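A structural walkthrough
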Amino acid sequence: MIKSYSISALILLIVTLIETAILSNITILPAVPDLILICVIYFSLLNGKMYGEATGFVSGLFLDFLSGAPFGFNCLFRTVMGYIAGSLYGFVNYSGFVIPMVMGAVGTIIKAFLIWIISLFFPSFVYTYTIISIPFLFELILNSLLTPFIFKLLNVFSRTLSVRSEEIF
């Protein structure tokens, strides 16, 4: 169990570095695809709510340290995202192409909704999405298109990342 948490944390760190150091510096992109969110959704679907919460929190910590967001902001909504995706554990067959695309799109929409809710409490600190804007639509399309490929890539490590049912509390 420790091995799967460590490997997923390492994957999240690498993806966070790619997203914050490389993708955020490409000026032609109107918005950066949220690869970390896609990884958290995959880990949650693979192992359930508790694992999803843990990976969401860890990915939020990595992002909070590497971005200019208020500390704890990414931890909060990514933990909730991990819980929501983990509640679908055992109900969704995510091995195809269409279901992962839908999961990426729904995850992006829920992310925008959670950020909007957080911005109601902290209006001067949080940048919210406008649902009908170019950056949000670009991120929605990119996340939807990239989700099946990232799921296939992470599926290579599924035996290592999977926690057996008797090990889950």
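Below is a summary of the structure that appears in this document. Please read these numbers as outputs of a predicted model, since none were measured by experiment.

Quick look at the overall build of the chain
Secondary structure summary: the chain contains seven helices and zero strands in total. Sequence-ordered secondary structure for the chain, helices as α and strands as β, is α-α-α-α-α-α-α. For the chain, whose C-alpha radius of gyration is 15 Å, the value lies close to the compact-globule estimate of 15 Å for 169 residues. The C-alpha extent of the chain, read off along each of the three principal axes, is 45 × 30 × 30 Å. The buried share among the 169 residues of the chain stands at 41%. The contacts in the chain between residues at least 6 apart in sequence include a share of 72% that link residues at least 24 apart. Surface accessibility of the chain: about 9100 Å² in total, with carbon and sulfur atoms responsible for 74%.

Re the packing of helix H2 (residues 35-47) against helix H4 (residues 73-86)
The angle between the axes and the distance between the axes are what describe a pair of packed helices. The interhelical angle for the contact between H2 and H4, taken along N-to-C directions, is 40°, at an axis separation of 8 Å. The orientation of H2 relative to H4 falls into the category oblique. Handedness of the crossing formed by H2 with H4: right-handed. In contact with Ile36, Leu37, Val40, Ile41, Ser44 and Leu45 of H2, H4 contributes Arg78, Met81, Gly82, Ala85 and Gly86.

Re the packing of aromatic side chains
Summed over all chains, the structure comprises ten aromatic pairs. Measuring from centroid to centroid gives 4.6 Å for Tyr5 and Tyr51, while their planes differ by 25°, and the two rings are stacked. Here Tyr51 lies in helix H3 (residues 49-66) and Tyr5 lies in helix H1 (residues 2-22), a separation of 46 residues in the sequence. Between Phe43 and Tyr51, the ring centres sit 6.4 Å apart and the planes meet at 75°, which makes this aromatic pair edge-to-face. Like Phe43, the residue Tyr51 is buried in the burial classification. Three or more aromatic residues joined by ring pairs make a cluster, and in this case those are Tyr5, Tyr42, Phe43, Tyr51, Tyr94 and Phe151.

Observations concerning the pattern of salt bridges
For the coordinates displayed, the defined rule picks out three salt bridges. Where Asp34 meets Lys111, a salt bridge forms, and the shortest distance between an N and an O atom there is 2.8 Å. Of this pair, Asp34 sits in the loop between H1 and H2 while Lys111 is found in helix H5 (residues 98-121), placing the two residues 77 residues apart along the sequence. The two residues Asp34 and Lys111 agree in class, both being buried. With a closest N to O distance of 2.8 Å, Glu139 and Lys111 form a salt bridge. Of this pair, Glu139 sits in helix H6 (residues 134-155) while Lys111 is found in helix H5, placing the two residues 28 residues apart along the sequence.

Concerning the nonpolar core
One finds Tyr42 and Phe43 to be the most contacted residues of the largest nonpolar core, which totals 31 residues. Secondary-structure elements contributing two or more residues to this core are H1, H2, H3, H4, H5 and H6. Setting aside its immediate chain neighbours within four residues, Phe43 contacts Ser8, Ile11, Leu12, Gly48, Tyr51, Thr55, Leu154 and Leu161.

Quick look at the environment of Cys75
Looking at where Cys75 falls in the secondary structure, it is placed in helix H4. We classify Cys75 as buried; its relative accessible area is 7%. Taking C-alpha positions, Cys75 is 5.8 Å from Leu61, a pair spaced 14 residues apart along the chain. Not counting the four nearest positions on each side in its chain, Cys75 is found in contact with Phe57, Gly60, Leu61 and Asp64.

Each value, and the rule that gives it
- Residues numbered from 1 in each chain as written.
- Predicted model: local features only at pLDDT ≥ 70, side-chain atom pairs only at ≥ 80, totals over all residues.
- Heavy atoms only, no water.
- Helix = DSSP H or I, 4+ residues; strand = E, 2+ residues; numbered from the N terminus.
- Rg over C-alpha atoms; globule rule 2.2 N^0.38 Å.
- Buried < 20%, exposed > 50% of the residue type's maximum accessible area, 1.4 Å probe, protein only.
- Contact = heavy atoms within 4.5 Å.
- Areas by Shrake-Rupley, 256 points an atom, 1.4 Å probe, with all protein chains shown as cover.
- Axes fitted to C-alpha atoms, helices over the stretch in contact; angles between N-to-C directions.
- Parallel < 35°, antiparallel > 145°, perpendicular 65-115°, else oblique.
- Left-handed = near helix turned anticlockwise from the far one by under 90°.
- Phe/Tyr/Trp six-rings, centres within 6.5 Å; stacked < 30°, edge-to-face > 60°.
- Salt bridge = Lys/Arg side-chain N within 4 Å of Asp/Glu carboxyl O.
- Core = buried A, V, L, I, M, F, W, Y, C linked by side-chain atoms within 4.5 Å.

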